[in-house]
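Structural overview
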Amino acid sequence: MAGNPDERDERIALLLDYENLAIGAREGLGVSPFDLTPVADALAVRGRVVARRAYADWSSFDEDRRLLARAQVELIDIPQRIGGSRKNAADIKMAVDAIEIAYERSWVTTFAIGTGDSDFTPLVHKLRELDKRVIGIGVASSTSRLLPPACDEFLYYDRLLEAAAPPPEPAPDPGAPTPVTGSEAETAAATPDDDGEAVERLVTRTLSGLARQGDGPVLASRLKRAILRQDPTFDEAEHGFRGFGELLRHLRDQRIVELSTGSAAGDPEVSFPENEPAEDDAFRLLAETVGDLGRAGGAVPLSGLKDQVRKRRPGFSEKTYGFASFLSFAKAARARGVVRMAWDEAAGDWRLQPA
């Protein structure tokens, strides 16, 4: 390929059947307005998003319109007309635009189609016939069973939200000092530990996404490009490192990532450490914590559980074992039969029990 490293990345056109997504998220997940961030982050790992368009009658989505405009999404307005079908008009316009992009912009290699509507299945087939990769995006409860098999890859918005969920706020300690306010609070919030945690989360989440693609080793340069696609303002110097390589070596010393010689000098391969005995020990710690807490009150909520684990082992971090979030770590424990885990609709939280 040519000298520009970005030429090796997928170039993605994101087209959103916004009404379908927004109503599906509101009715199926209780999420309103629709948050595009998890979708944007997932696509940033896969390549460069070179076009973002959303189709709807925007008079019905005023707050959403402002959020999407801030996310650099081009809003295609399909006004409701008396005696006409707004939905069909939006679907037709989106399909026409997709075909136009496929023919006139040969550099676009991938289409991300945000909808759960099976009416778009012929469009997906046509795009693949034109040698374009198609990624579908939809809410599980409102996605037709016909659509996901037609795509090269399908991302359920429900799962993207789970992966992007921030760590739960710890319960306030009655004996703790009164929180500071104003400028003192802002200063206290910007502590080095919080800053380091944010960097670790960004690197591990991005590395996890790239590793799941399974298309070869993840080089440091590729990891840095994927991070910048998620946060164009990222600068390792702001976190106290003179270069990205120094940041990676710091994370290696913390046993968060592993570095090995890459195909080019100064561009190492980045991966998660493989240490099965340590992972087994971490899963046992989780199981013991859940078991002890469960004796008093049955199933244990996920919120606050990490703090309970850290009380037993200060310094515990799921990132050490290659997991981007504590939720992912808990799900891995469930997959290994260490704990049982179920969603509590009433509480809006996961609940865990010993296996």
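Throughout what follows, the structure given in this document is the object of discussion. Source: prediction; values computed, not measured. (Residues numbered from 1 in each chain as written. Predicted model: local features only at pLDDT ≥ 70, side-chain atom pairs only at ≥ 80, totals over all residues. Heavy atoms only, no water.)

Our next topic: the overall build of the chain. In terms of helices and strands, the chain carries 14 helices and 11 strands. Classification of the 355 residues of the chain by burial places 42% in the buried group. For the chain, restricting intrachain contacts to residue pairs at least 6 apart in sequence, the fraction spanning at least 24 positions comes to 57%. For the chain, the computed accessible surface area is about 18,800 Å², with 50% contributed by carbon and sulfur atoms. (Helix = DSSP H or I, 4+ residues; strand = E, 2+ residues; numbered from the N terminus. Buried < 20%, exposed > 50% of the residue type's maximum accessible area, 1.4 Å probe, protein only. Contact = heavy atoms within 4.5 Å. Areas by Shrake-Rupley, 256 points an atom, 1.4 Å probe, with all protein chains shown as cover.)

Further remarks concern helix α2 (residues 37-46). Of all 10 residues making up α2, 9 are buried, and the element is well covered by its neighbours. P38, V39, A40, D41, A42, L43, A44, V45 and R46 are the residues of α2 that are buried.

It is worth spelling out the sheet that holds strand β2 (residues 47-56) at this point. By definition, the strands of a sheet pair up through backbone hydrogen bonds, in either a parallel or an antiparallel sense. Judged by pairing direction, the sheet is parallel, and its 6 strands sit side by side in the order β3-β2-β1-β4-β5-β6 without closing on themselves. Because the sheet does not close on itself, it has two edges, and the strands there are β3 (74-77) and β6 (153-156). Recorded for the sheet is a direction-independent mean angle of 20° between the axes of neighbouring strands. Sheet analysis places strand β1 (residues 10-17) next to β2, joined by 8 bridges and oriented parallel. Bridge pairing in β2 links L15 to R53. (Pairing = 2+ DSSP bridges. Axes fitted to C-alpha atoms, helices over the stretch in contact; angles between N-to-C directions.)

Our focus in this paragraph is the pattern of salt bridges. The tally for this structure, following the rule as stated, stands at 17 salt bridges. When the shortest N-O distance is used, the salt bridge between D62 and R66 registers 3.0 Å. Taken together, the residues D62 and R66, both in helix α3 (residues 62-70) and 4 residues apart, mark about one turn of the helix. With a closest N to O distance of 3.5 Å, R252 and D253 form a salt bridge. The class of D253 is exposed, set by a relative accessible area of 56%. (Salt bridge = Lys/Arg side-chain N within 4 Å of Asp/Glu carboxyl O.)

Of all 5 residues in strand β4 (residues 110-114), 5 are buried; the element is thus mostly enclosed. The alternating pattern of β4 places T110, A112 and G114 and F111 and I113 on opposite faces, both of which are buried. Inspection of the sheet shows β1 paired to β4 by 5 bridges, in the parallel sense. Across the sheet, residue L16 finds its bridge partner in β4, namely G114. Two elements, β4 and strand β5 (residues 133-138), share 5 bridges in a ladder whose sense is parallel. Counted as the bridge partner of G114 is I137 from β5.

Let us now look at the sheet that holds strand β11 (residues 349-354). The antiparallel open sheet is built from 3 strands, whose spatial order is β9-β11-β10. Edge positions in the sheet fall to β9 (300-301) and β10 (339-344), since each of these pairs with one other strand and no more. Bridge count between β9 and β11: 2 bridges; the pairing is antiparallel. Among the inter-strand pairings, V300 is bridged to a residue of β11, identified as L352. Together, β10 and β11 form the strand contacts of helix α14 (residues 326-335), whose direction differs from that of β10 by roughly 125°.

Here A42 lies in helix α2. On the basis of relative accessibility, which here comes to 10%, the residue A42 falls in the buried class. Through-space distance from the C-alpha of A42 to that of L160 is 7.5 Å; in sequence the pair is 118 residues apart. If we skip the residues at most four places from it in the chain, A42 touches L155 and L160.

Our focus in this paragraph is the nonpolar core. Judged by nonpolar contacts, the single largest core of 25 residues is most densely connected at Y18, F34, L36, V39 and L43. Broken down by element, this core gets its largest block of residues, 4 residues, from helix α1 (residues 18-29). Those residues in contact with Y18, other than ones at most four positions away along the chain, are F34, A54, Y55, A56, W58, F61, D64 and L68. Core analysis: the second largest hydrophobic core is formed by 23 residues, A102, F111, V134 and A150 among them. (Core = buried A, V, L, I, M, F, W, Y, C linked by side-chain atoms within 4.5 Å.)

Another aspect to go through is the packing of α2 against helix α10 (residues 220-230). Running from N to C, α2 and α10 cross one another at 155°; their axes reach a closest spacing of 8 Å. Between α2 and α10, the crossing angle belongs to the class labelled roughly antiparallel. Here α2 and α10 pass one another in a crossing that is right-handed. Contacts between α2 and α10 involve D41, A44 and V45 from the first element and A226, R229 and Q230 from the second. (Parallel < 35°, antiparallel > 145°, perpendicular 65-115°, else oblique. Left-handed = near helix turned anticlockwise from the far one by under 90°.)

A few words now on the side chain of D349. Inspection of the secondary structure puts D349 in strand β11. It turns out D349 is buried and unbridged, and the closest side chain with the opposite charge, R351, is 6.4 Å from it. Side-chain polar atoms of D349 contact the side chain of S303, separated by 2.8 Å. Once residues within four sequence positions are removed from consideration, D349 is found in contact with P301, L302, S303, A342, W343 and D344. (Lys, Arg positive; Asp, Glu negative; His and termini not counted. Polar contact = N/O pair within 3.5 Å; in protein donor to acceptor, adjacent residues only side chain to side chain.)

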